[in-house]
Amino acid sequence: MLPALTTARGILRSLRIYYGDRPRRDAVAQFYAGFIGSGDLAFDIGAHVGGRIAVFRRLGARVVALEPQPALARLLRGLYAFDRNVTIVQAAAGRHPGESELRLNPANPTVATLSGEFVRAANGAAGWEGQRWTRRVGVPVATLDALIRRYGRP
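None of the values given here were measured: they were computed from a predicted structure.

**Q** Before we move on, can you summarise the nonpolar core with the specific residues and values?
**A** Ranked by internal contacts, the top residues of the largest apolar core, which has 17 residues, are Y32, I36, I53, V55 and F56. At the level of elements, α2 (22–32), α3 (51–58), β2 (62–66) and β3 (86–89) are the ones that each hand at least two residues to this core. Other than its neighbours up to four places away in sequence, F56 contacts Y32, I36, A42, F43, D44, A61 and V63. The next biggest cluster of nonpolar side chains, apart from the first, holds eight residues, and it includes L41, F43, V64 and A91.

**Q** Tell me about the sheet that holds β3, residues and numbers included.
**A** Paired through their backbone hydrogen bonds, the strands of a sheet run either parallel or antiparallel. Spatial ordering of the open sheet is given by β1-β2-β3, a layout of three strands whose pairing is parallel. In the strand order of this sheet, the two ends are held by β1 (41–45) and β3, each with one partner. Sheet twist, expressed as the average angle between the axes of neighbouring strands with direction ignored, equals 15°. Strand direction decides the pairing type here: β1 and β2, joined by five bridges, are parallel.

**Q** So, empty space enclosed by the protein: which residues are in play, and what are the values?
**A** Going through the model one piece at a time under the given rule, you end up with one cavity of 30 Å³ or more. By volume, the largest cavity amounts to about 40 Å³. Those elements that provide at least two residues to the lining of the largest cavity are α2 and α3. Taken together, the residues that form the lining of the largest cavity break down as three nonpolar, one polar and three charged.

**Q** Any chance you could break down the environment of E99 for me, citing the residues and the numbers?
**A** With respect to the helices and strands, the residue E99 is situated in strand β5 (residues 98–104). The exposure class of E99 is exposed, given its relative accessible area of 65%. Each C-alpha atom of the pair E99 and G138 lies 6.5 Å from the other, and the pair is 39 residues apart in sequence. In this structure, E99 is in contact with G138, V139, P140 and V141, ignoring residues within four places of it in sequence.

About the cut-offs
Residues numbered from 1 in each chain as written. Predicted model: local features only at pLDDT ≥ 70, side-chain atom pairs only at ≥ 80, totals over all residues. Heavy atoms only, no water. Core = buried A, V, L, I, M, F, W, Y, C linked by side-chain atoms within 4.5 Å. Buried < 20%, exposed > 50% of the residue type's maximum accessible area, 1.4 Å probe, protein only. Helix = DSSP H or I, 4+ residues; strand = E, 2+ residues; numbered from the N terminus. Contact = heavy atoms within 4.5 Å. Pairing = 2+ DSSP bridges. Axes fitted to C-alpha atoms, helices over the stretch in contact; angles between N-to-C directions. 1 Å grid on protein atoms, 1.4 Å probe; cavity = no way out; pocket = protein on both sides within 12 Å on 5 of 7 lines; lining within 4 Å. Points joined across faces, edges and corners; volume = space filled by probe spheres on them. Nonpolar A, V, L, I, M, F, W, Y, C, P; charged D, E, K, R; others polar.

Just geometry here; none of it tells us what the structure is for.
Below, the structure is given as structure tokens:
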């Protein structure tokens, strides 16, 4: 299967899981309601398809979402283009600012990683059979301290 088509299929699967399962969404909102309220600032680190962005917005929070994967960042910019209380930052979070190599699993966008060690450990491990990180892309890395300086304390 073409890599772009494989990635699209993985993204659609995630959209179905995170947006299509109402009981799951309600349970996640109930959990986060103990931490996040109207007018609060929330960070979503590794936003994926934005399931938590939707929950945080439902609770009335402003959201800064980090997502390093180019396809997912594009999706999030489209989904939240008209919501001025959502800021999408196409970057990974890390200890030091700069750039890093993101390893992408086109068939399963949920498990992108900056860690070569993780990829090596997952290779052949139970539950990780068939997972392959076949694409690599350079991504900016932002620190939480820099995000707090720019957007405020979540």
